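What follows is the residue order along each chain.
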Amino acid sequence: MKRDEKLAADEFLTAARKSQPAPMRSLENIGPDASVRLESNPAADDDALETRTDARKALRRLKQERMKGVQNFVNVHLDRETKKRLKLASFASETSMQFLVETAIRKFLDDNGF
């Protein structure tokens with residue numbers, strides 16, 4: 001194509017226009033013989049909302065109860081051998097390492113009169 005040539009508008013390829021969607025029918029236009037019924041049960045909705053609220057409150061109380069016992073943390077540096085032994089003992093006795101450490105500390109404090 002040379003500089004002095006011009007293109008006409010009908011020479012451009014254009015996409016076909018999208019067809020317009022069918023208009024939505026309003027609920028007033030649906031007759032009594034319509035097969036689709038929109039029914040809402042407000043009592044069921046209220047029950048579901050109340051159940052969710054109760055579940056949220058119960059979960060919050062559970063978290064608060066769990067955190068009541070956890071007031072202080074103690075970081076204990078253990079050498080590798082002691083940590084391995086503690087891990088093995090907790091696995092063998094099917095208890096947590098925290099329980100074993102707490103029991104050992106309590107025993108030590110009781111034995112020494114603290």
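To be clear, the structure that these remarks concern was listed above.
Residues numbered from 1 in each chain as written. Predicted model: local features only at pLDDT ≥ 70, side-chain atom pairs only at ≥ 80, totals over all residues. Heavy atoms only, no water.

## Overview of unusual backbone geometry
Argument step 1. The phi angle at E94 is positive, at roughly 55 degrees, despite the residue not being glycine.
Argument step 2. If you trace the backbone, E94 turns up in the loop between α2 (80-93) and α3 (97-111).
Argument step 3. On the basis of relative accessibility, which here comes to 74%, the residue E94 falls in the exposed class. (Helix = DSSP H or I, 4+ residues; strand = E, 2+ residues; numbered from the N terminus. Buried < 20%, exposed > 50% of the residue type's maximum accessible area, 1.4 Å probe, protein only.)

## Focus on the pattern of salt bridges
Argument step 1. Per the counting criterion, the structure on display carries 2 salt bridges.
Argument step 2. Between R106 and E102 there is a salt bridge, with the nearest N and O atoms lying 4.0 Å from each other. Highlighted residues: R106 and E102, both in helix α3, separated by 4 residues, approximately one helical turn.
Argument step 3. A relative accessible area of 52% places R106 in the exposed class.
Argument step 4. E102 gets classed as partly exposed once you look at its relative accessible area, which sits at 31%.
Argument step 5. Between D111 and K107 there is a salt bridge, with its nearest N and O atoms 3.3 Å apart. Here K107 and D111 lie together in helix α3, a separation of 4 residues that amounts to about one turn. For the pair formed by D111 and K107, the shared burial category is exposed. (Salt bridge = Lys/Arg side-chain N within 4 Å of Asp/Glu carboxyl O.)

## Topic: a negative patch on the surface
Argument step 1. A cluster of acidic side chains, namely D45, D46, D47, E50 and D54, defines a negative patch on the protein surface.
Argument step 2. Along the polypeptide, D47 turns up in helix α1 (residues 42-69).
Argument step 3. Here D47 falls in the partly exposed class, since its relative accessible area comes to 48%. (Patch = residues over 30% accessible without salt bridge, like charges linked within 9 Å, V, L, I, M, F, W, Y side chains within 5 Å. Areas by Shrake-Rupley, 256 points an atom, 1.4 Å probe, with all protein chains shown as cover. Lys, Arg positive; Asp, Glu negative; His and termini not counted. Charge placed at Lys NZ, Arg CZ, Asp CG, Glu CD.)

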